[in-house]
Amino acid sequence: MAILSRPCPTCYLMTGFMPKLPATPLPLALLCLACVSGGSHGAPDPFSLDTRIPAPRPLDQEPVQAPCLPPASDTALTLAQVVDEALCHHPQTREAWANARVQANLAGVARGAYLPTLNAALGAGRRHQEVAGKRDDQRQETASLNFSYLLYDFGGRAASLDSSQQLLEALLATEDATRQRVFLNALQAYYQVHATEAAVQAARESEQAARESFKAAEARYLAGTATPADRLQAQTAFSQATLARIRAEGSLRNAQGALAHAMGRDAHVPVRLAPIQIDFPEPHFEADLAALVAQAKARRPDLQAAEARYQAARSDVAAARAAGMPSLSLGITPTYQALDGVTSRTGSIGLTLSIPLFTGFADSYRIRAAEARLDASAAQREQLAQQVALDVWQAYQNLLTATHTLRTTADLLASAQASEQVALGRYRAGVGNILDLLNAQSALANARLQRIQSAFDWHISRASLAQAMGQMDKRLLDTGLSALPALSRNTP
């Protein structure tokens, strides 16, 4: 498996540097333990006023080693390695990580509003003056410092800071949602490749059976015990089986390209997979859908991001209201001046109360705009909550359907195999007709495909339910029932 190390934007904001996490065999362990716990960090709030935080280092001082090493092109990849590479190298994960870093630095900018500002001004010049034929040249040098500190602003700084914090939490949750989506896409593409490979194998077996039937029909025709129609029907069935095999091979190439894309590679870059021993589980489970929906609403990272954006919009309303309120600042300005060798030093210290009296109703419009954005954010949060409930419902029903399909296809395949053997034996014995044999072989080919696809569909449906509940983790790399999240399983 590729070596993983992933920096954490919250650690960067709290400690001033981008830590590279140690290597781990778990493909989802890309964040620190605080990040994995759902965005709730056990460390003190880095923005609290009684916490002293070192200034973040410039981004060009971050470690430059790549977080993941790509496997060799000729390596046969397992499911864990496929997911690992997708999480490491897919552009979506890198984009989400970069957006989180941007907001981490913007939150640091908002934190700077609690610190004073200090500006220096230096000046040097020569003044020339001529009055009544008399020239007067004077050399002038000035230096001054301006210290300013905002003492009180009716909560404007706090609201802006809280908005930045909430947006950072939203982007961290969005990054988590992106990783889960990339995880699911890679897993689906992986299983789809194996499913199409199995479909190609089934198509080849069907083609071989159709070839044998054609040979048998041709032998009976030459022996005078079959009609030309039997021979032509067998030949048609053989050609159709060949066409189905060609189409299956084309679908396999498309599935391999989709897998390469899901892993962050170009579609034409070959991906060689290790052989898989697909399980045909017989799961029996019951679940309270209301509990599943409640758990999904508590864990879904995209819903957490929507909640954080809503809280940021509330803080924006408070910041807009505070913008129209008075502010109190402390100012200290020492000044040095030299004029033709004559120096003077002055200084001033005082409090400045700034009271906005009339701004052309701009403050009122800003408040109304912030309130409207808050309403829109609330509606988006509610809509997403309803979508989460729908996602869980549909994923759960799909898993139930896949489970029942998995059981039924076992009986279907067994009966189709027996029927094909009987039809083939009767035809070879001269007591059956070609239509019965071709129908039996077609039913067997269809049963093989459905049996294989149902097994992969079950694993994909299981992963889709986990993603709908916000629980994409390494358990999905297993093939047993332990990977079913939040379901009470009753195995007979």
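Residues numbered from 1 in each chain as written. Predicted model: local features only at pLDDT ≥ 70, side-chain atom pairs only at ≥ 80, totals over all residues. Heavy atoms only, no water.

Let's shift gears to the overall build of the chain. When helices and strands are counted, the chain shows ten helices and six strands. For the chain, the proportion of its 492 residues judged to be buried stands at 40%. Of the contacts made within the chain by residues no fewer than 6 positions apart, 77% connect residues no fewer than 24 positions apart. If you sum the accessible surface of the chain, you get close to 26000 Å²; carbon and sulfur atoms cover 56% of it. (Helix = DSSP H or I, 4+ residues; strand = E, 2+ residues; numbered from the N terminus. Buried < 20%, exposed > 50% of the residue type's maximum accessible area, 1.4 Å probe, protein only. Contact = heavy atoms within 4.5 Å. Areas by Shrake-Rupley, 256 points an atom, 1.4 Å probe, with all protein chains shown as cover.)

The next thing to look at is helix H9 (residues 362–429). Between the first and last C-alpha of H9 there are 95 Å, a value that for 68 residues agrees with the 100 Å anticipated at 1.5 Å per step. Backbone geometry just after H9 places Gly430 at a positive phi near 85°. (Expected span 1.5 Å × (residues − 1).)

We now examine the packing of aromatic side chains. Summed over all chains, the structure comprises five aromatic pairs. Taken together, a centroid distance of 5.6 Å and an interplanar angle of 70° make the contact between Tyr190 and Tyr191 edge-to-face. Given the relative accessible area of 4%, Tyr190 is considered buried. Summarising the aromatic geometry, the rings of Tyr191 and Phe456 are spaced 5.9 Å apart at their centres and angled 50° between planes, so their arrangement reads as tilted. One end of the pair, Tyr191, is in helix H5 (residues 156–223); the other, Phe456, is in helix H10 (residues 434–468), and 265 residues separate them in sequence. We classify Tyr191 as buried; its relative accessible area is 1%. Classification of Phe456 as buried rests on a relative accessible area of 3%. Through a chain of ring-to-ring contacts, the aromatic side chains of Tyr190, Tyr191 and Phe456 assemble into a single cluster. (Phe/Tyr/Trp six-rings, centres within 6.5 Å; stacked < 30°, edge-to-face > 60°.)

Summarising the sheet, strand S1 (residues 117–131) and strand S2 (residues 134–152) pair through 15 bridges and their orientation is antiparallel. Within S2, the residue paired with Leu118 across the bridge is Phe147. Alignment of S2 against strand S4 (residues 327–339), held across ten bridges, turns out to be antiparallel. Of the residues in S4, the one forming a bridge with Thr142 is Gln337. (Pairing = 2+ DSSP bridges.)

Here we come to the nonpolar core. Grouped together as the largest cluster of nonpolar side chains are 38 residues, with contacts concentrated most on Val82, Phe183, Leu259 and Leu273. Secondary-structure elements contributing two or more residues to this core are helix H3 (79–89), H5, helix H6 (228–262) and H10. Ranked by residues supplied to this core, first place goes to H5 with 14 residues. Within the second largest apolar cluster, 19 residues are counted, among which are Leu292, Ala296, Leu399 and Leu406. (Core = buried A, V, L, I, M, F, W, Y, C linked by side-chain atoms within 4.5 Å.)

One open sheet holds the four strands; their spatial order is S1-S2-S4-S5, and the pairing between them is antiparallel. The sheet terminates laterally at S1 and strand S5 (342–354), the two strands that pair on one side only. Taking the axes of each pair of neighbouring strands and ignoring which way they run, one obtains an average angle of 15° across the sheet. (Axes fitted to C-alpha atoms, helices over the stretch in contact; angles between N-to-C directions.)

A few words now on the environment of Leu449. By the secondary structure assignment, Leu449 is in helix H10. The class of Leu449 is partly exposed, set by a relative accessible area of 38%. For the pair Leu449 and Ala199, spaced 250 residues apart in the sequence, the C-alpha separation amounts to 5.9 Å. Not counting residues within four places of it along the chain, the set of residues in contact with Leu449 comprises Ala199 and Ala202.

A word on unusual backbone geometry. Of note, the phi angle at Phe154 is positive, near 60°, even though the residue is not glycine. Here Phe154 shows up in the loop between S2 and H5. Here Phe154 falls in the partly exposed class, since its relative accessible area comes to 40%. Even without a glycine there, the phi angle at Phe361 is positive, about 65°. Relative to the helices and strands, Phe361 resides in the loop between S5 and H9.

A word on a nonpolar patch on the surface. Taken together, Leu353, Ile355, Leu357, Phe358, Phe361 and Tyr365 make up a surface patch of nonpolar side chains, about 770 Å² in accessible area. For Phe358, the location among the structural elements is in the loop between S5 and H9. (Patch = residues over 30% accessible without salt bridge, like charges linked within 9 Å, V, L, I, M, F, W, Y side chains within 5 Å. Salt bridge = Lys/Arg side-chain N within 4 Å of Asp/Glu carboxyl O.)

Attention shifts here to the pattern of salt bridges. Note that side chains of opposite charge can pair when their charged atoms are close. In the structure shown here, the tally under the stated rule is 15 salt bridges. Here Arg265 makes a salt bridge to Glu85, at a shortest N to O gap of 2.7 Å. Placement of the pair is Arg265 in the loop between H6 and strand S3 (285–286) and Glu85 in helix H3, with a sequence separation of 180 residues. The class of Arg265 is buried, set by a relative accessible area of 16%. A salt bridge links Arg157 to Asp153; the shortest N-O distance between them is 4.0 Å. Owing to a relative accessible area of 13%, Asp153 belongs among the buried residues under this scheme.

Attention now moves to the side chain of Gln441. Note that Gln441 resides in helix H10. Here Gln441 falls in the buried class, since its relative accessible area comes to 10%. Leave out the neighbours within four places in its chain, and Gln441 touches Ala209, Ala210, Ser213 and Glu420.

To continue, consider the confidence of the model for the chain. For the chain, mean pLDDT is 79; residues scoring 70 or higher make up 80% of the total. The lowest-confidence element of the chain is strand S6 (residues 488–489), averaging 33 in pLDDT; the highest-confidence one is helix H8 (residues 301–322), averaging 94. Across residues 1–66, confidence stays below pLDDT 50; counting only partners more than four residues off in sequence or on other chains, it has 129 contacts. Note on residues 479–492: pLDDT is under 50 here. Beyond four places in sequence and across chains, it has 43 contacts. (pLDDT = per-residue confidence, 0-100.)

Turning our attention to the side chain of Ser329. Tracing the backbone shows Ser329 in strand S4. Of the residues examined, Ser329 reaches a relative accessible area of 17% and is grouped as buried. When neighbours within four sequence positions are excluded, Ser329 is seen to be in contact with Tyr149, Leu150, Leu151, Gly350, Leu351 and Thr352.

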